[in-house]
Amino acid sequence: MIEFHPVTKHIGAEVTGVDLRKPLSQEEVATLRAGWLRHLVLFFRDTQIDDEQHLQFALNFGTLNHPAFKKDAGSPIHVLDQTAPKGEGADEWHSDNTFEPTPPMGSLLRCVMMPSVGGDTCWANTYLAYETLSPSIQRLCDELTAVHDITMSMKKAIAKGHPFDLAEIQAKWPPIERPVVRVHAETGRKALFVNRASTTRLVGLTDRENEALLPFLIDHIRSPEYQLRLRWRPGTLAFWDNRPTQHYAVADYTERRRMHRVTINAFPEHIDQISG
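The protein is annotated in an unreviewed UniProt entry as TauD/TfdA dioxygenase family protein from Nonomuraea marmarensis. According to its UniProt record, the protein has this under Sequence similarities (unreviewed entry): "Belongs to the TfdA dioxygenase family."

Take a look at the structure:
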């Protein structure tokens, strides 16, 4: 029997009672999806699955998303193999690819190799980030949109030595406006939807107003009561909902860390109004 064991009160649960090496029944998929929507991030320990099983498990919940920047473009598995991650971009709070016309719905990240110490990942509940704002600030945010732009993260990547053509990338993914408050297509709950990696300004506000409000909203999700921190070990798989969460990869290691990721888009019936 599938069981969910909460990691914190507000976000995250470890899952037992399911074998990811085998095809899932419709009932198992429905149970896991309900648990995922409730806990936002699910953790499966000691999975012992290969890349094909990883992919097939992911496709129970959405369609395959091809990451914007991926060297092995022919493979559905995105390999993250790092020894010097600091400044690469994942070491700041973010939701994945909010600059895309249709940002990915979720990701399934599997640990293959870990350093002897470090390399944890943190997640934050952005439902709570919205719900703990004062009613007056909630009402203001409900009416606002914000610009999401790939430029900031690309400049960091180029500074780290990645051979990207900034002008070409900016032409492919021009700045896009998003609501500051996102309504989840499946739960109907509101989540704060600005992040440090991609959100550049609040539309319709003066520069001074932006300087005051946008950093506050971005930093608000850093409150520890909204968060969890996972200590990985080989065989651990994390499955998170990219819509009401942000995550942060702790860049505190200098030994090899290898992770395999499958990213998924929402099924058509689960696409929300921010998507193109």
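Q: Tell me about the nonpolar core, and name the residues and values.
A: Inside soluble globular proteins, nonpolar side chains tend to come together where they are buried. L32, F44, F57, F239 and I264 are the most contacted members of the largest nonpolar core, which totals 24 residues. Those elements that place two or more of their residues in this core are strand 2 (13-16), helix 1 (26-39), strand 3 (41-44), helix 2 (51-58), strand 14 (237-241) and strand 16 (257-265). At four residues, helix 1 tops the list of elements feeding residues into this core. Beyond its immediate chain neighbours, meaning those up to four positions away, F239 contacts W36, L40, V41, L42, F44, F61, S107, L108 and I264.

Q: So what's going on with unusual backbone geometry? Which residues, and what values?
A: The phi dihedral of Q48 falls on the positive side, at around 55 degrees, and the residue is not glycine. Positioned with a positive phi, N97 is a non-glycine residue whose angle comes to about 50 degrees. As for its position among the elements, N97 is in the loop between strand 5 (78-82) and strand 6 (106-113).

Q: Can you lay out the pattern of salt bridges for me, pointing to particular residues and giving the numbers?
A: For the structure on display, the rule yields 16 salt bridges. Measuring nitrogen to oxygen at the nearest pair gives 2.9 Å for the salt bridge that ties R33 to E186. Pair noted here: R33 is in helix 1 and E186 is in the loop between strand 10 (181-183) and strand 11 (190-192), with a separation of 153 residues, a long-range link. The exposure class assigned to R33 is buried, which follows from its relative accessible area of 11%. The exposure class assigned to E186 is partly exposed, which follows from its relative accessible area of 23%. One salt bridge connects K190 with D142, and the closest N-O pair in it is separated by 3.3 Å.

Q: I'd like a description of the sheet that holds strand 9 (residues 176-179), backed by residues and values.
A: Taken in spatial order, the three strands line up as 9-8-12 in an open sheet, and their pairing is antiparallel. The sheet is open, and its two borders are formed by strand 9 and strand 12 (199-202), each paired with just one other strand. When the angles between neighbouring strand axes are averaged without regard to direction, this sheet yields 35 degrees.

Q: Requested: an account of the packing of aromatic side chains, with residues and values cited.
A: A full pass over the atoms with the stated rule returns 10 aromatic pairs. Both rings, one in W36 and one in F239, keep their centres 4.6 Å apart while their planes meet at 15 degrees; by these two values the pair is stacked. Of the two residues, W36 is situated in helix 1 and F239 in strand 14; the sequence distance between them amounts to 203 residues. An identical accessibility class is assigned to W36 and F239; each is buried. For the pair W123 and W232, a centre-to-centre distance of 6.3 Å together with 55 degrees between the ring planes defines the contact as tilted. In this pair, W123 sits in strand 7 (residues 121-125) while W232 sits in the loop between strand 13 (227-230) and strand 14, placing the two residues 109 residues apart along the sequence. Ring pairing ties together the aromatic residues W36, F44, F57, F61 and F239, which thus form one cluster. A cation over an aromatic ring shows up here: R182 above the ring of F193, its NZ or CZ 4.7 Å from the ring centre.

Q: Can you tell me about helix 2, naming the residues and giving the values?
A: Along helix 2, the residues that are buried comprise H54, L55, F57 and A58. In an axial view of helix 2, the angular spread of the buried residues amounts to 160 degrees, which keeps them on one side of the axis. Structurally, helix 2 contributes buried residues whose contacts are with helix 1, strand 3, strand 4 (63-65), strand 6, strand 14 and strand 16.

About the criteria used
Residues numbered from 1 in each chain as written. Predicted model: local features only at pLDDT ≥ 70, side-chain atom pairs only at ≥ 80, totals over all residues. Heavy atoms only, no water. UniProt positions renumbered as here; feature names shortened; annotations may be inferred. Core = buried A, V, L, I, M, F, W, Y, C linked by side-chain atoms within 4.5 Å. Buried < 20%, exposed > 50% of the residue type's maximum accessible area, 1.4 Å probe, protein only. Helix = DSSP H or I, 4+ residues; strand = E, 2+ residues; numbered from the N terminus. Contact = heavy atoms within 4.5 Å. Salt bridge = Lys/Arg side-chain N within 4 Å of Asp/Glu carboxyl O. Pairing = 2+ DSSP bridges. Axes fitted to C-alpha atoms, helices over the stretch in contact; angles between N-to-C directions. Phe/Tyr/Trp six-rings, centres within 6.5 Å; stacked < 30°, edge-to-face > 60°. Lys NZ or Arg CZ within 6 Å of the ring centre and 35° of its normal. Arc of directions from axis to C-beta.

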